[in-house]
Amino acid sequence: FVIILCPFSREAQPTGKNSCPDTHGWTGRYRNYSYGFSVVIPSGLEGFWNSAACVSDPHGACTCMSDHGRIIPLSHEPYEPERHIEIYAGSAIEDEDLSVLSVTGTVDRYLDSIRERSREHQIEVRKRTKLLLAGLSAERAISRYYDLKLKRWMIEDSIVCLRGGIEYHLYLRTYEEKYDQDRAVLERLVASFTLKPRK
């Protein structure tokens, strides 16, 4: 793992005063130095820490594990945690049968995880396409399923790409009836996604 000693990125701005990045929301351009990517958090929304909790000492210094990304709630307080966009980066898992990393294998595993949460382990993959994300080969899968815990129909819209053993995953999880509205937010986020050299 990577230890991060904050200060913050000068680009994304915290909306609170505490020195640790897991204690408040962020707006504007967010740059991830751990995994070398950047996105613009859409206007009117906030991005929240998407990693293990940070630790601050009595002098105000903050120590965090790797910064994996941000979670962007799509409803205002009180937040509906099941309706959000997540930006996540981390070490990719190798395909068991191929011993190599693949975008398709990563998406397959993600769809399997949705099946575990769905009624009778059934999902409808509405669309699965290949595309470019920040110049890298990526795959997008849009799935509809009945969530056992929430007792309602959900949509997940997921985009995955790989770079040098790192998985980049942008996905939307929302109610079926809110999908068209929330997809527009995801599209803006995807359009702003860029890759930077890792430091």
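Residues numbered from 1 in each chain as written. Predicted model: local features only at pLDDT ≥ 70, side-chain atom pairs only at ≥ 80, totals over all residues. Heavy atoms only, no water.

Before going further, it helps to examine the overall build of the protein. The helix and strand inventory of the protein stands at two helices and 14 strands. Looking at the 199 residues of the protein, the share that counts as buried comes to 47%. For the protein, long-range pairs separated by at least 24 residues make up 52% of all intrachain contacts whose partners lie at least 6 apart in sequence. With the model as given, the accessible surface of the protein reaches about 10400 Å², and the carbon-plus-sulfur share is 53%. (Helix = DSSP H or I, 4+ residues; strand = E, 2+ residues; numbered from the N terminus. Buried < 20%, exposed > 50% of the residue type's maximum accessible area, 1.4 Å probe, protein only. Contact = heavy atoms within 4.5 Å. Areas by Shrake-Rupley, 256 points an atom, 1.4 Å probe, with all protein chains shown as cover.)

Relative to the assigned elements, Glu156 resides in strand β12 (residues 152-163). Of note is the side chain of Glu156, whose polar atom sits 2.9 Å from the side chain of Arg117. Among the polar contacts listed, one links the side chain of Glu156 to the side chain of Tyr145, at a separation of 2.6 Å. Contacts of Glu156, omitting those with residues within four sequence positions, involve Tyr110, Ile114, Arg117, Ala141, Ile142, Ser143, Tyr145, Tyr171, Leu172 and Arg173. (Polar contact = N/O pair within 3.5 Å; in protein donor to acceptor, adjacent residues only side chain to side chain.)

Another aspect to go through is the nonpolar core. Formed by 29 residues in total, the largest nonpolar core has its most connected members in Phe37, Ile85, Leu133, Tyr168 and Phe193. Going through the elements one at a time, β3 (26-32), β4 (37-41), β9 (84-91), β11 (136-147), β12, β13 (166-175) and α2 (179-192) are the ones with two or more residues in this core. The biggest single contributor to this core is α2, with five residues. Ignoring any residue separated from it by four or fewer positions in sequence, one finds Ile85 in contact with Arg70, Ile71, Ile72, Leu74, Tyr171, Leu172, Val185, Leu186 and Leu189. Formed by 14 residues, the second largest nonpolar core is a distinct cluster that contains Val103, Leu111, Ile114 and Tyr171. (Core = buried A, V, L, I, M, F, W, Y, C linked by side-chain atoms within 4.5 Å.)

Let's shift gears to the sheet that holds β12. Pairing within the open sheet is antiparallel, and its seven strands lie in the order β5-β8-β9-β13-β12-β11-β10. Two strands in the sheet have a free side with no partner beyond their single neighbour: β5 (48-49) and β10 (124-133). Taken together, the five bridges between strand β8 (residues 69-73) and β9 define a ladder with antiparallel strand orientation. Its bridge partner being in β9, Arg70 is matched across the sheet by Ile87. Packing of helix α1 (residues 103-117) onto the sheet brings it into contact with β10, β11, β12 and β13, and relative to β11 it is tilted by some 10°. Of the strands in this sheet, β8, β9, β10, β11, β12 and β13 touch α2, which is tilted by about 155° from β13. (Pairing = 2+ DSSP bridges. Axes fitted to C-alpha atoms, helices over the stretch in contact; angles between N-to-C directions.)

In summary, the side chains of a regular strand alternate between the two faces of the sheet. For β11, the buried fraction is high: 10 of the 12 residues fall into the buried class. Linking two consecutive strands that pair antiparallel, namely β10 and β11, is a turn of two residues; a positive phi of about 55° is found at Ala134 within it. Turn length for the β11-β12 hairpin, with the two strands adjacent in sequence and antiparallel, is four residues, and the turn residue Lys151 shows positive phi of about 60°.

Note on terminology: a disulfide is the covalent bond linking the sulfur atoms of two cysteines. Applying the stated criterion across every chain yields a total of two disulfides. The disulfide partner of Cys20 is Cys62, and the gap between their sulfur atoms is 2.2 Å. Handedness of the Cys20-Cys62 disulfide follows from its S-S torsion of about 120°: it is right-handed. On the criterion of sequence distance, the pair formed by Cys20 in the loop between β2 (13-14) and β3 and Cys62 in strand β7 (residues 62-64) is long-range, its members being 42 residues apart. Residue Cys62 is classed as buried on the basis of its relative accessible area, which comes to 3%. Sulfur-sulfur distance for the disulfide between Cys54 and Cys64 comes to 2.2 Å. Its S-S torsion of approximately 110° makes the covalent link between Cys54 and Cys64 right-handed. A residue pair is termed long-range when its members are at least 10 positions apart, and Cys54 in the loop between β5 and β6 (55-56) and Cys64 in strand β7 qualify at 10 residues. (Disulfide = S-S within 2.5 Å.)

Tallying each qualifying case throughout the model produces seven aromatic pairs. Relative to Tyr79, the ring of Phe48 lies with its centre 5.8 Å away and its plane at 65°, an arrangement referred to as edge-to-face. Here Tyr79 lies in the loop between β8 and β9 and Phe48 lies in strand β5, a separation of 31 residues in the sequence. These aromatic residues form a ring-pair network of at least three members: Tyr30, Phe37, Tyr168 and Phe193. Stacked on the ring of Trp26, the Lys or Arg Arg70 has its end atom at 5.2 Å from the ring centre. Over the ring of Tyr175 we find Arg152, and its NZ or CZ is 3.6 Å from the ring centre. (Phe/Tyr/Trp six-rings, centres within 6.5 Å; stacked < 30°, edge-to-face > 60°. Lys NZ or Arg CZ within 6 Å of the ring centre and 35° of its normal.)

Keep in mind these values describe shape, not function.
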